[in-house]
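Geometric and topological summary
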Amino acid sequence: MLEEDVWVHSICNMCPGDCGILVHRVNGMVVDIKGDPDCPNSRGKNCSKAYAAIIHLYDPNRVKTPMKRTNPEKGLGIDPGWAPISWDEALDMLEEKLTKIRKEDPRKLVMASFDDHTNNEVVSPFAKAFGTTNARWTGYFCGQYLHSSMYLTNGTFHCDFD
């Protein structure tokens with residue numbers, strides 16, 4: 001029985017472009033994504049990343065819980081032996097490791113992210129509070145074309161569309 005059939009205005013966050021999308025949700029499941037013609041940013045046009053977002057949402061191999069490496073041996077072709085653990089166990093491990101680093105030398109903590117949004121809102125404030133200056137590296141692999149083209153044409157990495 002059909003209980004819900006709605007189109008929801010949203011944005012694609014697969015790159016820093018933040019293009020407008022319309023998400024078709026039927027009975028709690030996303031079944032389609034299309035460009036939002038009312039979005040002044042993208043005017044209803046989206047790249048393939050926006051349409052592929054459904055794959056990320058329903059991928060059977062999507063990691064949904066913290067994972068712990070069980071094989072200490074590392075190298076090409078060696079199975080790390082990832083095993084799911086609880087959030088409590090993951091947070092306890094993180095607290096133990098961060099406490100040790102902070103006592104020894106906070107600068108031993110190195111933090112990085114692939115996008116400026118995460119760097120500005122999460123990485124930099126946490127790094128500063130922790131006491132390390134080793135943060136703020138960014139690589140734009142998710143939107144490389146966009147930032148490169150904006151820099152070459154406008155002299156800026158700002159990614160609003162013209």
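What comes next is a walk through the structure. Since we're looking at a predicted model, the values are computed, not measured.

Rules used throughout
- Residues numbered from 1 in each chain as written.
- Predicted model: local features only at pLDDT ≥ 70, side-chain atom pairs only at ≥ 80, totals over all residues.
- Heavy atoms only, no water.
- Helix = DSSP H or I, 4+ residues; strand = E, 2+ residues; numbered from the N terminus.
- Buried < 20%, exposed > 50% of the residue type's maximum accessible area, 1.4 Å probe, protein only.
- Contact = heavy atoms within 4.5 Å.
- Areas by Shrake-Rupley, 256 points an atom, 1.4 Å probe, with all protein chains shown as cover.
- Salt bridge = Lys/Arg side-chain N within 4 Å of Asp/Glu carboxyl O.
- Pairing = 2+ DSSP bridges.
- Axes fitted to C-alpha atoms, helices over the stretch in contact; angles between N-to-C directions.

**Description of the overall build of the protein**
- Looking only at helices and strands, the protein features four helices and five strands.
- Out of the 162 residues belonging to the protein, those deemed buried represent 26%.
- Relative to all contacts within the protein whose residues are 6 or more apart in sequence, the contacts with residues 24 or more apart total 35%.
- Of the roughly 11600 Å² of accessible surface on the protein, a fraction of 57% belongs to carbon and sulfur atoms.

**Things to note about the environment of Thr99**
- Structurally, Thr99 can be placed in helix H2 (residues 87-104).
- The exposure class of Thr99 is partly exposed, given its relative accessible area of 36%.
- Along the sequence, Thr99 and Phe130 sit 31 residues apart, while their C-alpha atoms lie 9.9 Å from each other.

**Considerations on the pattern of salt bridges**
- Applying the stated criterion to the full structure yields five salt bridges.
- In this structure, Arg25 engages Glu4 in a salt bridge whose closest nitrogen and oxygen atoms are separated by 2.6 Å. Separated by 21 residues along the polypeptide, Arg25 in strand E2 (residues 20-26) and Glu4 in the segment before strand E1 (5-11) bring together distant segments of the chain.
- Take Arg25: its relative accessible area is 30%, and that puts it in the partly exposed class.
- The partner of Arg107 in a salt bridge is Asp105, with the nearest N and O atoms 3.0 Å apart.
- The network of salt bridges with shared partners includes Lys100, Glu104 and Lys108.

**What to know about the sheet that holds E1**
- Pairing within the open sheet is antiparallel, and its three strands lie in the order E1-E2-E3. Looking along the sheet, the strands with just one partner apiece sit at the ends: E1 and strand E3 (29-35). The mean inter-strand angle of the sheet, taken between neighbouring strand axes irrespective of direction, is 30 degrees.
- Here E2 pairs with E3 via six bridges, running antiparallel.

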